Amino acid sequence: ERLQDWDARLGAKLGARVVALTGETATDLKLLEKGQVVIATPHQWDVLSRRWKQRKNVQNVALFIADELHLIGGAVGPTMEVVTSRMRYISSQLEKPIRVVGLCTSLANARDLGEWIGASSHGLFNFPPGVRPVPLDIRVQGIDIVNFESRMQAMARPVYGAICQHAPDREPSIVFVPTRKHAKLAALDLLTFAAADGVPNKFLACEPEDLAKHLDRISDPAVRHALSFGVALLHESLEADERQVVENVFASGAASVLVVTAPLAWGLSATCRLAVIMGTQYYDAGGAGSADYPVTDLLQMAGRASRPLVDDHGTCVLLCHAPRKEYYKKFLYEPFPVESHLDHFLHDHMAAEIVTRTIETKQDAVDYLTWTFYYRRLSQNPNYYNLTGVTHRHLSDALSELVETTLADLESSKCISIEDDMDVAPLNLGMIGSYYYISYTTIELFAASLTAKTKLKGLMEIVAGATEFEKFAVRPGEPQMLRHILNHSAVTLDNRRTTDPHVKTAALMQAHFGRMKLSGDLSNDLAAVLPDATRLLQAIVDVISSSGWLAPALAAMELSQMLTQGQSEKDSALMQLPHVDKQCAARCAAAGVESVYDLVDLEDDTRAELLQMSDGQMEELATACNRYPNIEVSYEIANEDEVEAGDSVEIMVQLEREMADGEELGPVIAPRYPKRKDEAWWLVVGDVKKGTLAAIKRVTLGRKSKVKLEFQAPADAGKADYTLFFMCDSYLGCDQEYEFSLDVKEAADDSEEESGGEGEVEGEAAEMD
């Protein structure tokens with residue numbers, strides 16, 4: 001939403017290049033290079049700015065705007081705090097001014113926040129909550145019913161009454177509800193009340209035939225029905241293009257009421273005269289049932305009732321459980337305080353700073369904390385942070401204890417080493433975790449669980465066991481669906497407890513491979529799981545290659561292909577192509593067509609007969625076939641006849657893609673993957689018989705590339721057989737392998753012979769720093 005808005009305002013009118021980061025490091029670095037205005041989430045900027053010493057474009061940032069800075073007390077708070085502190089630290093280290101601007105709602109402790117970002121007393125503006133572009137009239141109504149569902153039903157009539165009272169002439173109104181089910185019920189209730197009043201089209205501000213062409217584009221019957229009577233309905237499970245249609249109809253004024261689920265409040269660009277918050281609780285699957293919305297969310301919802309230059313005032317009606325009425329009155333009418341909770345999420349951020357050598361001793365770690373908002377608040381609110389006093393000694397002891405416990409945890413998970421009880425240094429696991437933005441507990445799990453014998457099933461369970469997936473709590477009614485998925489999946493899991501988020505993640509992956517139809521919520525969960533799982537697999541490949549195991553590394557690469565294309569490794573590679581299903585792939589297999597290359601080589605008539613597709617479908621298939629990688633691999637071993645035992649062996653690999661002149665290499669064609677994905681490859685040298693991996697390198701390939709791999713020859717003289725693997729991370733069926741042998745001679749001088757067998761594996765994790 002912000003990208004579209006700023007692109008129109010800054011890009012079209014001022015000629016500024018506005019870009020939004022994606023979360024894929026390679027893509028983001030290119031975007032950062034070409035963009036003048038860069039839009040990023042705290043997590044995306046954290047990934048890029050961690051290695052600021054090597055990245056000139058991060059150092060070149062002149063203005064850093066931290067929007068919604070009051071969220072420092074929310075879920076993304078610790079990351080927001082770290083990136084803002086880092087920008088100030090970069091500015092001081094480079095002795096180059098970076099202007100930091102913080103934007104937030106009215107706060108009780110705004111002075112601390114302002115001083116933390118470096119704002120002087122002249123640069124700090126904290127307005128009372130009542131100061132808005134359009135004055136907002138907030139009304140809080142209590143409903144004295146304990147049961148959640150009964151209370152929601154009782155709110156239907158007051159919501160209709162509020163719309164009739166505050167928006168009588170079809171002024172735009174937005175109703176926020178907790179879930180998709182409540183959204184559909186609320187829309188139906190509004191239509192029922194309007195019909196009972198004898199005005200069924202009360203909310204429709206256009207002719208029904210004008211809406212017809214828009215209604216045809218919506219597949220959800222409840223949304224279509226509500227919209228036909230002027231009530232727009234938005235929920236998380238709507239397809240992006242359908243959601244755009246609904247938003248456009250509401251924005252045009254044709255529908256005067258928008259019913260929207262609370263999680264969409266932050267991404268909503270629509271504004272209105274009246275905002276109704278129908279209930280302040282939601283079902284928290286990971287907690288103890290129902291939980292209150294954060295006050296920041298309520299302020300965001302209330303803030304939608306703001307149309308500068310259109311209305312002279314906006315209205316927000318908040319309906320809540322009666323005992324909570326006074327609480328909301330206080331926090332919606334008065335500035336509220338924010339506190340840091342960085343101390344609970346410090347491990348990964350500290351590990352990242354140790355990897356980039358910003359922290360090299362325990363004293364550096366304490367100094368690092370003094371840049372944070374957490375340090376500012378320690379002395380201001382000691383009780384909140386379990387301090388018994390605010391003297392210099394108390395603060396010093398608290399920081400030292402926090403650093404000691406954090407570093408001890410990181411050391412026990414083998415991410416860092418501590419020498420002489422003072423100096424800290426990163427270990428390989430810490431580097432991998434920091435590079436791929438992975439929790440230290442996850443990287444510890446990977447190191448403990450992976451073995452030389454781990455197969456595809458084990459890899460899937462290890463990925464699903466990552467800490468990153470604990471947030472995908474199981475909702476009511478889902479265990480039954482997950483059980484159904486697991487019963488119809490190719491791989492049987494050892495743990496089948498369907499209330500476990502990790503089992504849910506594994507089940508969603510299995511559904512993805514089997515191309516099963518999922519409900520809206522599960523489908524959204526899968527879309528969030530896949531990009532994380534792909535990143536975790538890249539880290540797993542690095543952890544495995546550090547141990548020098550070949551088979552599990554190749555299996556992890558295959559799993560990455562399966563995740564991208566949404567199919568099993570046993571399925572035909574042709575099923576990656578659009579409109580090719582199991583029956584079509586079976587027909588092709590019977591005719592001896594196994595791979596995409598075989599299909600391309602067929603005569604046009606034979607191909608048309610086999611595929612039985614329409615012209616439009618054939619066109620899409622042809623586009624996908626042309627994008628499918630066709631790469632020529634050649635290699636040469638330096639001084640092949642002079643390799644001695646323990647020597648370093650160099651192999652030069654030449655890669656050349658078959659593509660037309662001037663053709664741009666677009667993203668991977670993967671309709672089942674939720675985000676844009678750029679293709680990458682692994683070059684691996686290994687000994688298949690011994691199961692050892694000698695060298696690995698991850699490469700991105702345009703038209704041509706020349707890659708050098710180095711590995712250590714065996715310690716014993718004689719013939720050594722190796723295989724060069726060229727593995728894709730996105731497409732199935734295009735991997736290549738080449739066998740070669742080395743005639744290893746006796747070392748010239750035994751006294752200088754290298755000790756150790758295969759030696760260190762040369763991998764990208766080792767090259768990170």
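Residues numbered from 1 in each chain as written. Predicted model: local features only at pLDDT ≥ 70, side-chain atom pairs only at ≥ 80, totals over all residues. Heavy atoms only, no water.

**Quick word on the overall build of the protein**
A count of helices and strands for the protein gives 29 helices and 21 strands. What you see for the protein is a C-alpha radius of gyration of 29 Å, in line with the 27 Å of a compact globule of 769 residues. Expressed as lengths along the three principal axes of its C-alpha atoms, the size of the protein is roughly 95 × 80 × 55 Å. Entry remark: accessible area of the protein is about 35900 Å², with carbon and sulfur atoms responsible for 49%. (Helix = DSSP H or I, 4+ residues; strand = E, 2+ residues; numbered from the N terminus. Rg over C-alpha atoms; globule rule 2.2 N^0.38 Å. Areas by Shrake-Rupley, 256 points an atom, 1.4 Å probe, with all protein chains shown as cover.)

**Looking at helix 17 (residues 373-380)**
Every buried residue of helix 17 is accounted for by Phe373, Tyr374, Arg377 and Leu378. An end-on view of helix 17 places all buried positions within 145° of arc, on one side of the element. Packed against the buried residues of helix 17 are helix 5 (77-94), helix 6 (110-116) and helix 18 (392-412). (Buried < 20%, exposed > 50% of the residue type's maximum accessible area, 1.4 Å probe, protein only. Arc of directions from axis to C-beta. Contact = heavy atoms within 4.5 Å.)

**Comments concerning a negative patch on the surface**
A surface patch of like charges, here negative, comprises Glu636, Glu640, Asp641, Glu642 and Asp743. Owing to a relative accessible area of 61%, Asp641 belongs among the exposed residues under this scheme. (Patch = residues over 30% accessible without salt bridge, like charges linked within 9 Å, V, L, I, M, F, W, Y side chains within 5 Å. Salt bridge = Lys/Arg side-chain N within 4 Å of Asp/Glu carboxyl O. Lys, Arg positive; Asp, Glu negative; His and termini not counted. Charge placed at Lys NZ, Arg CZ, Asp CG, Glu CD.)

**Observations regarding the confidence of the model for the protein**
Per-residue confidence for the protein gives a mean pLDDT of 88, with 96% of residues at or over 70. Predicted confidence for residues 750-769 stays below pLDDT 50, and this span has 50 contacts to residues more than four positions away or in other chains. (pLDDT = per-residue confidence, 0-100.)

**Quick word on the pattern of salt bridges**
All chains considered together, the criterion is met by 36 salt bridges. Notably, a salt bridge pairs Glu478 with Lys504, separated by 3.0 Å at the nearest N-O pair. Taken together, the residues Glu478 in helix 22 (residues 478-487) and Lys504 in helix 23 (residues 501-513) connect sequence positions 26 residues apart. Taken as a pair, Glu478 and Lys504 share a single burial class, namely buried. Here Lys689 and Asp721 are joined by a salt bridge, their closest N and O atoms 3.7 Å apart. With Lys689 in the loop between strand 17 (681-687) and strand 18 (692-699) and Asp721 in strand 20 (residues 718-728), this residue pair connects regions lying 32 residues apart in the sequence. Looking at Lys689, the relative accessible area reads 76%, which means it is exposed. With relative accessibility at 31%, the residue Asp721 sits in the partly exposed group. Among the charged side chains, a network of salt bridges with common partners joins Asp46, Arg50, Arg86 and Glu353.

**Topic: a nonpolar patch on the surface**
Taken together, the side chains of Leu63, Ile65 and Leu103 present a nonpolar region at the surface, about 260 Å² in accessible area. Within the element layout of this structure, Ile65 appears in strand 3 (residues 63-66). You can call Ile65 partly exposed: its relative accessible area is 43%.

**Quick notes on the pairing of strand 20**
In terms of residue burial, strand 20 counts as a mostly covered element, since 8 of its 11 residues are buried. Pairing of strand 17 with strand 20, which is carried by 6 bridges, proceeds in the antiparallel orientation. Its bridge partner being in strand 20, Trp681 is matched across the sheet by Cys728. Taken together, the 9 bridges between strand 20 and strand 21 (residues 736-744) define a ladder with antiparallel strand orientation. (Pairing = 2+ DSSP bridges.)

**Thoughts on the packing of aromatic side chains**
Enumeration according to the criterion identifies 17 aromatic pairs in this entry. Look at Tyr635 and Phe740: their rings are 5.7 Å apart centre to centre, the planes differ by 45°, and that puts the pair in the tilted class. Placement of the pair is Tyr635 in strand 15 (residues 631-637) and Phe740 in strand 21, with a sequence separation of 105 residues. Residue Tyr635 is classed as partly exposed on the basis of its relative accessible area, which comes to 29%. A relative accessible area of 6% means that Phe740 is categorised as buried. Each residue in the set Tyr635, Phe711, Tyr722, Tyr738 and Phe740 is aromatic and connected to the rest through ring pairs, giving one cluster. Note that Arg324 overlies the ring of Tyr327, its terminal NZ or CZ placed 4.4 Å from the centroid. When the ring centre of Trp682 is taken as reference, the NZ or CZ atom of Arg698 above it lies at 4.8 Å. (Phe/Tyr/Trp six-rings, centres within 6.5 Å; stacked < 30°, edge-to-face > 60°. Lys NZ or Arg CZ within 6 Å of the ring centre and 35° of its normal.)

**Things to note about the environment of Ala638**
Checked against the element boundaries, Ala638 lands in the loop between strand 15 and strand 16 (648-657). Ala638 gets classed as partly exposed once you look at its relative accessible area, which sits at 34%. Distance in space between the C-alpha atoms of Ala638 and Ala40 is 45 Å, their sequence separation being 598 residues.

**Comments concerning the side chain of Thr84**
Inspection of the secondary structure puts Thr84 in helix 5. A relative accessible area of 1% means that Thr84 is categorised as buried. For Thr84, the side chain forms a polar contact with the main-chain oxygen of Met80, separated by 2.7 Å. Apart from residues no more than four positions distant in its own chain, Thr84 is found in contact with Phe64, Ala66, Val100, Trp116 and Ile117. (Polar contact = N/O pair within 3.5 Å; in protein donor to acceptor, adjacent residues only side chain to side chain.)

**Points about unusual backbone geometry**
Positive phi is not limited to glycine here, since Glu68 has a value of about 50°. Turning to its location among the elements, Glu68 is positioned in the loop between strand 3 and helix 5. At Asp421, a position not held by glycine, the phi torsion is positive, near 55°. By secondary structure assignment, the location of Asp421 is in the loop between strand 13 (416-419) and strand 14 (423-426). Note on Asp421: relative accessible area 59%, which makes it exposed.

**Section: the side chain of Glu339**
Assignment of secondary structure puts Glu339 in the loop between helix 14 (325-333) and helix 15 (346-355). Here the side chain of Glu339 touches Asn381 through a polar contact of 2.7 Å, side chain to side chain. A distance of 2.8 Å separates a polar atom in the side chain of Glu339 from a polar atom in the side chain of Tyr385. When residues no more than four places from it in sequence are discounted, the contact partners of Glu339 are Ile72, Gly73, Phe373, Arg377, Asn381, Tyr384 and Tyr385.

**Section: the environment of Glu739**
Here Glu739 lies in strand 21. By relative accessible area, Glu739 is classed as exposed at 66%.

**Topic: the packing of helix 9 (residues 180-196) against helix 11 (residues 221-228)**
Helix-helix packing is characterised by the crossing angle of the two axes and by the distance between the axes. Where helix 9 meets helix 11, the closest approach of the two axes is 10 Å, and the angle between their N-to-C directions is 30°. The angle between the axes of helix 9 and helix 11 places the two elements in the roughly parallel class. In this structure, helix 9 crosses over helix 11, and the sense of that crossing is left-handed. On the side of helix 9, the interface is formed by Lys184, Ala187, Leu188 and Leu191, while helix 11 contributes Ala222, His225 and Ala226. By residue class, the composition of the contact of helix 9 with helix 11 is 5 nonpolar, 1 polar and 1 charged. (Axes fitted to C-alpha atoms, helices over the stretch in contact; angles between N-to-C directions. Parallel < 35°, antiparallel > 145°, perpendicular 65-115°, else oblique. Left-handed = near helix turned anticlockwise from the far one by under 90°. Nonpolar A, V, L, I, M, F, W, Y, C, P; charged D, E, K, R; others polar.)

**Some words on the environment of Asn630**
For Asn630, the location among the structural elements is in the loop between helix 29 (615-627) and strand 15. Judged by relative accessible area, Asn630 falls into the partly exposed class, the value being 31%. If near-sequence neighbours (up to four positions away) are discounted, Asn630 is found in contact with Tyr597, Glu656, Arg657 and Glu658.

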